[in-house]
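Summary of structural features
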Amino acid sequence: MVLEKINHPNDIKNLKKEELPLLADEIREFLIRTISESGGHLASNLGVVELTMAMHLVFDLPKDKMIWDVGHQAYTHKLLTGRRENFANLRKFGGMSGFPKRCESSCDSFDTGHSSTSISAGLGYVAARDLQGEDYSVISVIGDGSLTGGMAYEAMNNAARLKSNFIIVLNDNNMSISENVGGMSDYLGKLRTNDAYQELKQGVSDTLKKIPVYGDRVVRRIKKTKSGIKQLFIPGMWFEEMGLTYLGPIDGHDIGRLVRAFKEARKVNGPVLLHILTQKGRGYVPAERHPARFHGAEPFDIATGLPLHKRTKANYTDVFATVMRKMGERQENLVAITAAMPDGTGLKRFKNVFPERFFDVGIAEQHAVTFAAGLAAGGMIPVVAVYSSFLQRAFDQIVHDVCIQNLHVIFAVDRAGLVGSDGETHQGIFDLSYLSLIPNMCVMAPKNKWELSDMLKFAISSDGPIALRYPRGEAYDGLSEHRAKIVYGKSELLYDEECIALIAVGSMVKTAHEVRQNLKRKGFECTLINARFVKPLDEERLLALTKEHKLIVTLEENVLEGGFGEHVSEFYEEIGSDVQVMNIALPDAYIEHGNVEILKKECGIDAETIEKKIIAAAMGL
Ligand SMILES: Cc1ncc(C[n+]2csc(CCOP(=O)(O)OP(=O)(O)O)c2C)c(N)n1
Ligand SMILES: CC(=O)[C@@H](O)[C@H](O)COP(=O)(O)O
Ligand SMILES: [Mg+2]
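Because the structure is a prediction, the values reported are computed rather than measured.

**Thoughts on the UniProt feature "domain: Transketolase-like pyrimidine-binding" (unreviewed entry) in the protein chain**
- Here the UniProt feature "domain: Transketolase-like pyrimidine-binding" (unreviewed entry) sits at residues 314-478.
- The span residues 314-478 is 42% helix and 16% strand, and its two end C-alpha atoms sit 13 Å from each other.

Written out as structure tokens, the structure is:
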């Protein structure tokens, strides 16, 4: 096995040329086998095997800096830097991350996870290198999908006048997670399939060569001039005009060609963009045919490509998708917006039925929010479906373009709470804090699948900015007997007792219900309230609780800072109440990757830990 010879960074440089294609095959086989068992990002990684090998053949790690945009496609990079053994616990608690991590390896130059950051980070490294008079290469690898993120243009604009080497690798596989969208994607499409350019270039050369005596010399001169033939027929004119040297398009599966291209690129004094053409999912037919389905793959059967575990229950995203489709029929002015996540957010179904009222804006959350504000100002009812952690990117647009104007925009905040395998960059644990601090914003969280349906309908028929947050995964189908009408700003009383009151937010209602049942068996009766609204607080309820309760326990899957619990504590302080408030929330920290149940226990928001805390507090009452 050639792969077994790769145990340290740069080991690939010791291989014979004829071993390289074998290594590529073995890497693909390794990735398919490993990810079929553990789950992970398969299609993107299968597409960059040769590209990554070529980079590791030319560049010298950890001296040279490689930055992987989003970083979900860095598995081969991790294999080539001595982490083959760590794939046994890929994305498991305490195991290797699915993204580059500086704490994991000196060959991981920058932590990534959110899209479109790599060129900015790379440019930062270049500036630091030049200021310190150092001499290393900086290579930012960005996908065609990530190139629909605005930050990439801010960085390219800033890089334009650079006089020192900076290599940008555009990994163009003509896919985001789903089909890529927008003008840049169309432009790249022309570059990819620019036979016209090839023919034109060939045609010009052939014509010039017909000129007796001087013809050949003219052709050679044109190709030698600084702008050369390209200036006439530049395929990457857009990048050239931006001040970047464009090299490409280059076959991203031809290691020799790639190595030569990187050696050429290293000589350029300035920013140079290598346009590399790759195939997402390459080498595994089910992933080649369905790159979107194998972008983030659950464990699957290699022979059939089918998931090993059949989902029996609906997840919250399914519920959202169903209600959106229904409301789309009832509400002509309902529109849906996603930032390149039609599958993940469940909006694909809405798109299939109402294509003209569906907008995929690319990986552009900031634009998505202000675009929604414009739609609302124009009389539509926009629903922006977005992951909690990705919405962080559009904080100012929520304030500046939606809430100050008090526009009726609905934020369907999916993946809110702990998401698990994707780790720190993807845990949706701040949205209750960053949303509830914004004036005019209303923040809701459903306790189960039916309440998500009721809340979404309520939000669509309401007014002003409204955020509805719900977790990744299976939709809780308990407490179905409790389905009080949604009333603005009002919580829902589930069980009415005395002394101890549990007030839970969204996904934590299920946990609080379990805690209440266990405490009841130990002789402790607890009131249980479903908060429903994080903003505004149901102050009438909070006040009423002080009459017969001594201990108020708030429960939320969000950091404590600025969350629901803090607002409740502040309320009781302001009214000078002497009730004891216990806040169950996530710590002031970034939560690493791992199984969600393990993470909840680690963070102290599991039922058992909560029970112990409440019993200890109750003994002191
Ligand atoms: C800010 C942000 N929004 C959305 C995502 C989700 N996301 C992860 S990868 C991806 C598509 C990336 O496409 P591309 O850059 O072409 O990489 P490929 O998977 O094709 O290699 C998206 C939308 C993200 N990571 N960050
Ligand atoms: C890399 C990335 O950001 C996405 O692929 C993300 O991992 C999707 O998360 P879900 O699996 O929760 O849809
Ligand atoms: Mg792509």
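Moving on from the model shown.
**So, the site of ligand 1**
- Ligand 1 sits among 23 residues. The nearest are H72, G145, S146, K280 and E365.
- Separating a nitrogen atom of ligand 1 from a backbone N or O atom of G113 is a distance of 2.9 Å.
- In this structure, K280 approaches ligand 1 through a side-chain N or O atom, which is 2.8 Å from an oxygen atom.
- Surface burial for ligand 1 is 98%, taken as the share of its 590 Å² of free accessible area covered by protein chains.
- Split by residue class, the shell around ligand 1 holds 7 nonpolar, 12 polar and 4 charged.

**A short note on the UniProt feature "binding site: thiamine diphosphate" (unreviewed entry) in the protein chain**
- The sites that carry the UniProt feature "binding site: thiamine diphosphate" (unreviewed entry) are, in the present numbering, H72, G113, H114, S115, G145, S146, N173, Y284 and E365. With a sequence span of 294 residues, these residues are also far apart in the fold, their greatest C-alpha distance being 31.7 Å.
- Inspection of the secondary structure puts G113 in the loop between α4 (75-79) and α5 (118-131).
- With a relative accessible area of 4%, G113 lands in the buried category.
- In this structure G113 touches V70, F99, T425 and H426, once residues within four positions along its chain are discounted.
- Structurally, the position occupied by Y284 is in the loop between β5 (271-277) and α13 (285-289).
- Given a relative accessible area of 6%, Y284 falls into the buried group.
- Not counting residues up to four positions away in its chain, the partners in contact with Y284 are I32, L42, L46, F294, F300, D301, I302 and G305.

**Some points on the site of ligand 2**
- The immediate surroundings of ligand 2 are formed by H41, V70, H72, F99, I177, H295, Y387, F390, R415, D422, H426 and R472.
- Within the side chain of Y387, a nitrogen or oxygen atom sits 2.6 Å from an oxygen atom of ligand 2.
- Within the side chain of R472, an N or O atom sits 2.7 Å from an oxygen atom of ligand 2.
- Considering ligand 2 on its own, with 360 Å² of exposed area, one finds that the protein chains cover 86% of that surface.

**Some words on the coordination of the magnesium ion (ligand 3)**
- Around the magnesium ion (ligand 3), the protein contributes the donor atoms D144 (OD), N173 (OD1) and M175 (O), at 2.0 to 2.1 Å from the metal centre.
- All donors of the magnesium ion (ligand 3) belong to a single chain; written as a sequence motif, their spacing is D-x28-N-x1-M. Pair noted here: D144 is in the loop between β2 (138-143) and α6 (150-159) and M175 is in the loop between β3 (166-172) and α7 (183-192), with a separation of 31 residues, a long-range link. The exposure classification of D144 matches that of M175, with both residues buried.

**Let's talk about the packing of aromatic side chains**
- Counted according to the given criterion, the structure contains 20 aromatic pairs.
- Each ring, one from F294 and one from F300, has its centre 5.3 Å from the other, and the planes form 90°; the classification is edge-to-face.
- According to the relative accessible area criterion, F294 is buried, its value standing at 2%.
- Between the aromatic rings of F350 and F354, the centroid separation amounts to 4.9 Å while the plane-to-plane angle is 50°, which identifies the pairing as tilted.
- Classification of F350 as buried rests on a relative accessible area of 0%.
- Put simply, the rings of Y153, Y187, W238, F239 and Y246 pair up and form one aromatic cluster.
- Lying across the ring of F354, R357 places its NZ or CZ 4.4 Å from the centre.

**Section: the sheet that holds strand β10 (residues 442-444)**
- Spatially, β7-β6-β8-β9-β11-β10-β15 is the arrangement adopted by the 7 strands of the open sheet, whose pairing is mixed. Single-partner strands in this sheet number two, and they are β7 (358-360) and β15 (533-535). Taken pair by pair, the neighbouring strands of this sheet meet at an average axis angle of 20°, ignoring direction.
- Note: β10 against β15, 2 bridges, orientation antiparallel. For M444, the partnering residue across the bridge sits in β15 and is F533.
- Taken strand by strand, helix α14 (residues 316-330) contacts β6 (334-338), β8 (381-387) and β9 (410-414), and its axis lies near 145° from that of β6.

**A word on unusual backbone geometry**
- Backbone torsion omega between L61 and P62 reads 5°, so that peptide bond is classified as cis.
- With respect to the secondary-structure elements, P62 resides in the loop between α3 (49-58) and β1 (65-68).
- A cis amide bond links G248 to the next residue, P249, at an omega of -5°.
- Mapped onto the elements, P249 comes out in strand β4 (residues 245-251).
- Despite not being glycine, N440 has its phi angle at roughly 80°, a positive value.
- Residue placement: N440 occurs in the loop between α20 (431-436) and β10.

**Regarding the confidence of the model for the protein chain**
- Overall, the prediction assigns the protein chain a mean pLDDT of 95, with 95% of residues at 70 or greater.
- For this predicted complex, the interface confidence reaches an ipTM of 0.99, while the overall pTM sits at 0.94.

**Looking at the pattern of salt bridges**
- Applying the stated criterion across every chain yields a total of 35 salt bridges.
- With a closest N to O distance of 2.8 Å, R532 and E451 form a salt bridge. Residue R532 is found in the loop between β14 (526-530) and β15, and its partner E451 is found in helix α21 (residues 449-461); the two are separated by 81 residues along the sequence.
- The residue K490 makes a salt bridge to E540 at a minimum N-O spacing of 2.9 Å. Within this pair, whereas K490 is found in the loop between β11 (466-469) and β12 (492-495), its partner E540 is found in helix α23 (residues 539-545), the two being separated by 50 residues in sequence.
- On the basis of relative accessibility, which here comes to 58%, the residue E540 falls in the exposed class.
- The network of salt bridges with common partners includes K78, R83, E104 and D108.

**Looking at the nonpolar core**
- By size, the foremost hydrophobic cluster in this structure holds 63 residues, and its most contacted members are F320, L502 and I614.
- Dropping the residues within four chain positions of it, F320 is found in contact with T345, L347, V383, A385, A412, L452, L456 and Y470.
- In terms of nonpolar packing, the next biggest core, distinct from the first, is built from 55 residues, I6, I12, L90 and F300 among them.

**Here we look at the sheet that holds β12**
- Spatial ordering of the open sheet is given by β12-β14-β13-β16-β17, a layout of 5 strands whose pairing is mixed. Strand pairing shows two members of the sheet lacking a second neighbour, β12 and β17 (580-586), which therefore form its edges. Direction aside, the axes of adjacent strands within the sheet are offset by 20° on average.
- Across 6 bridges, the pairing between strand β13 (residues 499-504) and strand β16 (residues 549-559) is parallel.

**A word on helix α22 (residues 508-521)**
- Spanning 14 residues, α22 covers 20 Å between terminal C-alpha atoms, matching the ideal 20 Å at 1.5 Å per step.
- Here α22 has its buried residues at M508, V509, T511, A512, H513, V515, R516, N518 and L519.
- Residues of α22 that are buried in the fold lie against β12, β13, β14, β16 and α26 (607-619).
- Remark: G523 follows α22 within two positions and exhibits a positive phi of approximately 95°.

Analysis parameters
Residues numbered from 1 in each chain as written. Chains lettered and ligands numbered in written order. Predicted model: local features only at pLDDT ≥ 70, side-chain atom pairs only at ≥ 80, totals over all residues. Heavy atoms only, no water. UniProt positions renumbered as here; feature names shortened; annotations may be inferred. Helix = DSSP H or I, 4+ residues; strand = E, 2+ residues; numbered from the N terminus. Near = heavy atom within 4 Å. Polar contact = N/O pair within 3.5 Å; in protein donor to acceptor, adjacent residues only side chain to side chain. Areas by Shrake-Rupley, 256 points an atom, 1.4 Å probe, with all protein chains shown as cover. Nonpolar A, V, L, I, M, F, W, Y, C, P; charged D, E, K, R; others polar. Buried < 20%, exposed > 50% of the residue type's maximum accessible area, 1.4 Å probe, protein only. Contact = heavy atoms within 4.5 Å. Donors = N, O, S within 2.8 Å, 3.2 Å for Na, K, Ca; no water. Phe/Tyr/Trp six-rings, centres within 6.5 Å; stacked < 30°, edge-to-face > 60°. Lys NZ or Arg CZ within 6 Å of the ring centre and 35° of its normal. Pairing = 2+ DSSP bridges. Axes fitted to C-alpha atoms, helices over the stretch in contact; angles between N-to-C directions. pLDDT = per-residue confidence, 0-100. Salt bridge = Lys/Arg side-chain N within 4 Å of Asp/Glu carboxyl O. Core = buried A, V, L, I, M, F, W, Y, C linked by side-chain atoms within 4.5 Å. Expected span 1.5 Å × (residues − 1).

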